[in-house]
Each structure stands twice: as structure tokens, then as C-alpha cells.
Amino acid sequence: MCVEPAHHDGDEPWYEDDLVPVAGRLFPPRFRISMRCEVTKVEMCIAVTVDRGGFAEPDNAISVTGMSSGAEKDRVRASARKLALPLALATMPLRTFRQTPRGWEWVATGWSPPAITKLADWANRDQLALLEELRRRTAPKWWSIYLPRIEKTAAIVWDAPAGWSTRRVIATLVCPATCVGRTQAYADLKTARELGLLP
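Cut-offs used in this document
Residues numbered from 1 in each chain as written. Predicted model: local features only at pLDDT ≥ 70, side-chain atom pairs only at ≥ 80, totals over all residues. Heavy atoms only, no water. Salt bridge = Lys/Arg side-chain N within 4 Å of Asp/Glu carboxyl O. Helix = DSSP H or I, 4+ residues; strand = E, 2+ residues; numbered from the N terminus. Buried < 20%, exposed > 50% of the residue type's maximum accessible area, 1.4 Å probe, protein only. Core = buried A, V, L, I, M, F, W, Y, C linked by side-chain atoms within 4.5 Å. Contact = heavy atoms within 4.5 Å. Pairing = 2+ DSSP bridges.

S.K.: Sorry, what's going on with the pattern of salt bridges here?
M.R.: For the structure on display, the rule yields 9 salt bridges. Residue Arg77 pairs with Asp74 through a salt bridge whose shortest N-O separation is 3.1 Å. Taken as a pair, Arg77 and Asp74 lie in helix 1 (residues 70–90) at a separation of 3 residues, close to a single helical turn. According to the relative accessible area criterion, Asp74 is partly exposed, its value standing at 46%. Ionic pairing is found between Arg137 and Glu133, a salt bridge with its closest N-O pair at 2.7 Å. Of the two residues, Arg137 and Glu133 are both situated in helix 3 (residues 125–138); the distance of 4 residues between them amounts to about one turn of the helix. The buried category is assigned to Arg137, whose relative accessible area is 2%.

Right, here's the structure in full:
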């Protein structure tokens, strides 16, 4: 799979925004990437927006060429959302985007996830964690399950008694209210800070 920046005429407003943090990386709030499979010759152009820490595609945001039937295109779009898009985002070079005085610009000209049969053969622990986090943030559950839980965690921490330690707030208030363990509660707290819900 080859991934390339997508440049389209008339996209100038897209490039005027500041970069935003997502899972420890910086991304533009709106951008397009093109993905191409060398084996099947299928090509996709995906428009991506960052919405409250998650990646969303506007309606009809994945255009597919190289397929004849609508059903095949739908299957390719579903596969792109589930694995290809998170993998493309996770394998982006660290300096894919650069902030400029007038917005952002592409720095990377293209990249390819390595030829792998198992993710564990390619990725170290940090890369796998990033991929899993980006898969979570590109899934529909981000807005229906994860983000509401993160917002609830932030509200509980914000309203907690001033003298309590973070550990006590997590163990006593957050875990019972959100039905998660301490590890996940701390991860939700970190994400809440990333999203600006907490200082």
C-alpha cells in the first residue's frame, strides 16, 4: 500500500488551520490522503477531519477507483475505515506536516506501510499502541462510547474535592462511575487533557 498527500485545486482554506494534537502526534484539522494498492490497482482518496480527538470522514469522503461494482467499492471503503486508514496514519513519518505562518503544509511526499503479514512482525510496542489508538479514534465507537466516557471522566475530575489526590479521585470516583479499571481511567484522563477538557 502506498500513501501520498492529496492535492486538489480549490483546497486553499484547508491549509489555513493550525495543527492539532491527536494521540501524541500533530495533524491538520482537515486533510486528504491518497492510498493505492499495488497488487489490486485500487486507488482511494480519503478526506479526513479531526473532530474532538477522533478522525471522521465527511459524507462520501472516500472515492474509490479501479473497482467496477458499487458493492465492491463499499467493501473497500469499509476496509479502509477499519484498517487501511489507521495504518496509513500510524505509519506517517513523524514530520509529515509543518506549521507555517499561514497554516500548515505537507512535508512528506509519500510513504508506505512495510510489507508485513503480521503487525507484530513490523511494529514495536509504541507503534502498536499508536496503531491501536488510531484505530479506536477512527471507529464509530469513538463518538458513541469512548468520547462520552472521556468527557464524563473530565467532569468528575473537575468537580472532585480540591484536597484529593488524582489517584484517590480515579479510584474512588472515576472508576465506579465509568465502569473501567484504573489503567483505562488514567488513559482517559490523559486524553481529556489532550482534548483541552482539563488543564
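What follows picks up the thread again.
S.K.: Hey, could you run me through the nonpolar core in this one?
M.R.: In a soluble, globular protein the nonpolar side chains are often hidden away together inside. Residues Phe27, Phe31, Ile33 and Phe55 are the most contacted members of the largest nonpolar core, which totals 33 residues. Counting only elements with at least two residues in this core, the list comes to strand 4 (30–36), strand 5 (43–51), strand 7 (62–65), helix 1, strand 9 (103–106) and helix 3. Those residues in contact with Phe55 that sit more than four places away from it in its chain are Val22, Phe27, Phe31, Val48, Thr49, Val50, Leu89, Leu134, Arg137, Thr138 and Trp143.

S.K.: Help me understand the pairing of strand 4, please; the structure alone is not making it clear to me.
M.R.: A regular strand places its side chains so that they alternate between the two faces of the sheet. Only one face of strand 4 is covered, namely the one carrying Phe31, Ile33 and Met35; the face carrying Arg30, Arg32, Ser34 and Arg36 has none of its residues buried. Summarising the sheet, strand 1 (residues 2–5) and strand 4 pair through 4 bridges and their orientation is antiparallel. Across the sheet, Glu4 pairs through a bridge with Ser34, a residue of strand 4. Summarising the sheet, strand 4 and strand 5 pair through 7 bridges and their orientation is antiparallel. Directly across from Phe31, in strand 5, lies its bridge partner Val48. Between the antiparallel neighbours strand 4 and strand 5 lie 6 residues, among them Lys41 with a positive phi of about 65°.

S.K.: Explanation requested: the environment of Val20 in the structure shown.
M.R.: Residue position: Val20 is located in strand 2 (residues 20–22). Here the alpha-carbon distance between Val20 and Val50, two residues 30 residues apart in the chain, equals 8.2 Å. Sequence-distant contacts of Val20, that is, excluding residues within four places in its chain, are made with Arg25, Leu26, Phe27, Pro28, Pro29 and Val50.

S.K.: Help me understand the pairing of strand 9 in this model?
M.R.: One ladder, built from 4 bridges, connects strand 8 (residues 97–100) with strand 9; its direction is antiparallel. By the bridge assignment, Arg98 is partnered in strand 9 with Glu105. Counted between consecutive antiparallel strands, the loop separating strand 8 from strand 9 contains 2 residues.

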